[in-house]
Amino acid sequence: MSDPKPARSFIPLSIAVLTVSDTRTLADDKSGDTLAARLTEAGHRLAERDIVPDEVGAIRERVGAWVRDPGIDVILTTGGTGFTGRDVTPEALEPLFEKRMDGFSAIFHRISFEKIGTSTLQSRATAGVAGATYIFVLPGSPGACRDAWDGILASQLDYRHRPCNFVEIMPRLDEHLRRGAAAAI
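Per chain, the residues get numbers from 1 upward, laid out in the order the sequence is written. Where local features are concerned, this predicted model is filtered to residues with pLDDT of at least 70; where side-chain atom pairs are given and counted, the filter is 80 or more; whole-chain, interface and lining totals use all residues. For side-chain calculations, the full set of non-hydrogen atoms in the structure is used, while hydrogens and water are omitted.

This is how the line gets drawn: UniProt positions are given in the numbering used here, feature names are shortened, and annotations may be inferred rather than shown by experiment.
By the naming in an unreviewed UniProt entry, the chain goes by Molybdenum cofactor biosynthesis protein B and is assigned to Methylorubrum rhodinum. Its UniProt record gives the chain a comment under Sequence similarities (unreviewed entry), which states: "Belongs to the MoaB/Mog family." In UniProt, the chain has this text filed under Pathway (unreviewed entry): "Cofactor biosynthesis; molybdopterin biosynthesis."

See below:
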């Protein structure tokens, strides 16, 4: 019996990694290293990498610039998802989302629960789409970054993944923006 679905070729994406931290540098950023290593090992391209402090304006400015860059398909942030006063990454980025990806948080917490139990409640991991760019807001621990990449992102950012994946709908992420522009003419 033949497979009714022909094999697909891998499509590498350009992925930017942002670490949100008041204390880390590129020399000791294990979470950023984890994400950069995993995405490049998967065949994607590390488009850019940066570190910004736990400040709404700095986070939003950096991610906003990447969203406006047509050469960046996906943005991964790590850090600032907890409940302390300095944890402001969701507050900085959720207002940018045109579409929120509630399922990402649900699946991330299910995976995390298997490893750290109810401590997963201390993360406000979130995701969404802004300007036809996927944005994933991850906790600051290397383990959480591994869980998110290995358990969700590796397959969803791979065009070969069946029955569906994020890559195959990328050309349609900005339909609402194009439709709005056409209606204004």
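There's more to say after this.
### Digging into the overall build of the chain
The condition is simple: Under the scheme used here, helices are H or I runs from DSSP no shorter than 4 residues and strands are E runs no shorter than 2 residues, and both carry numbers assigned from the N terminus. Think of it in three bands: residues with accessible area under 20% of the maximum for their type are buried, residues over 50% are exposed, and the middle band is partly exposed, with areas taken using a 1.4 Å probe on protein chains only. Throughout, a contact is declared for two residues whenever any of their heavy atoms are within 4.5 Å. In these tables, accessible area is a Shrake-Rupley quantity obtained with a 1.4 Å probe, and a residue counts as shielded only by the protein chains included in the view. Charged residues are defined here as Lys and Arg on the positive side and Asp and Glu on the negative side; His and the ends of the chain fall outside this count. A charge is said to be at NZ when it belongs to Lys, at CZ for Arg, at CG for Asp and at CD for Glu.
A tally of helices and strands in the chain yields 7 helices and 6 strands. Going from N to C terminus, the chain has its helices and strands arranged as β-α-β-α-β-α-β-α-β-β-α-α-α. Here the C-alpha coordinates of the chain stretch approximately 50 × 50 × 30 Å along the principal axes. Counting all 185 residues of the chain, 45% fall into the buried class. Long-range pairs, those at least 24 residues apart, make up 74% of the contacts in the chain between residues at least 6 apart in sequence. Carbon and sulfur atoms make up 55% of the accessible area of the chain, which amounts to about 9400 Å² in all. One way to put it: in the chain the 22 positive side-chain charges average out to a point 5 Å from where the 25 negative ones average out.

### What to know about the UniProt feature "domain: MoaB/Mog" (unreviewed entry) in the chain
Summarizing the sequence annotation, UniProt attributes the feature "domain: MoaB/Mog" (unreviewed entry) to residues 16-160 in the numbering used throughout. Annotated as 41% helix and 21% strand, the span residues 16-160 places its first and last C-alpha atoms 21 Å apart.

### Let's talk about the packing of helix H1 (residues 30-41) against helix H5 (residues 142-156)
The test is simple: Convention adopted: a line fitted to C-alpha atoms gives each axis, helices being fitted over their contacting stretch, and angles between N-to-C directions are expressed from 0 to 180 degrees. Here the angle decides the label: under 35 degrees means roughly parallel, over 145 means roughly antiparallel, 65 to 115 means roughly perpendicular, and every other value means oblique. Helix crossings fall into two classes, left-handed where the near helix is turned counterclockwise from the far one by less than a right angle and right-handed where it is turned clockwise. As a working rule, the residues Ala, Val, Leu, Ile, Met, Phe, Trp, Tyr, Cys and Pro are called nonpolar, Asp, Glu, Lys and Arg charged, and the rest polar, with Gly in that last group.
Here H1 crosses H5 at 25°, and the two axes come no closer than 8 Å. Between H1 and H5, the crossing angle belongs to the class labelled roughly parallel. Handedness of the crossing formed by H1 with H5: right-handed. Judged by residue contacts, Lys 30, Ser 31, Thr 34, Leu 35, Arg 38 and Leu 39 of H1 engage Pro 142, Cys 145, Arg 146, Trp 149 and Asp 150 from H5. Tallied by class, residues from the contact of H1 with H5 come to 5 nonpolar, 2 polar and 4 charged.

### A few points about the sheet that holds strand E5 (residues 126-130)
To keep things clear, this is the line we draw: Paired strands, as defined in this entry, are two strands with at least two bridges between them according to DSSP.
As summarised here, the arrangement of the 6 strands in space is E2-E1-E3-E6-E5-E4, forming an open sheet in which the pairing is mixed. If you trace the sheet from one side to the other, it starts and ends with strand E2 (45-52) and strand E4 (99-100), each paired once. Bridge count for strand E3 (residues 74-78) against strand E6 (residues 133-138) is 5 bridges, and the pairing is parallel. Bridging across to E6, Ile 75 finds its partner in Ile 135. Seen against the sheet, H1 touches strand E1 (14-20), E2, E3 and E6 and runs at an angle of roughly 170° to E2.

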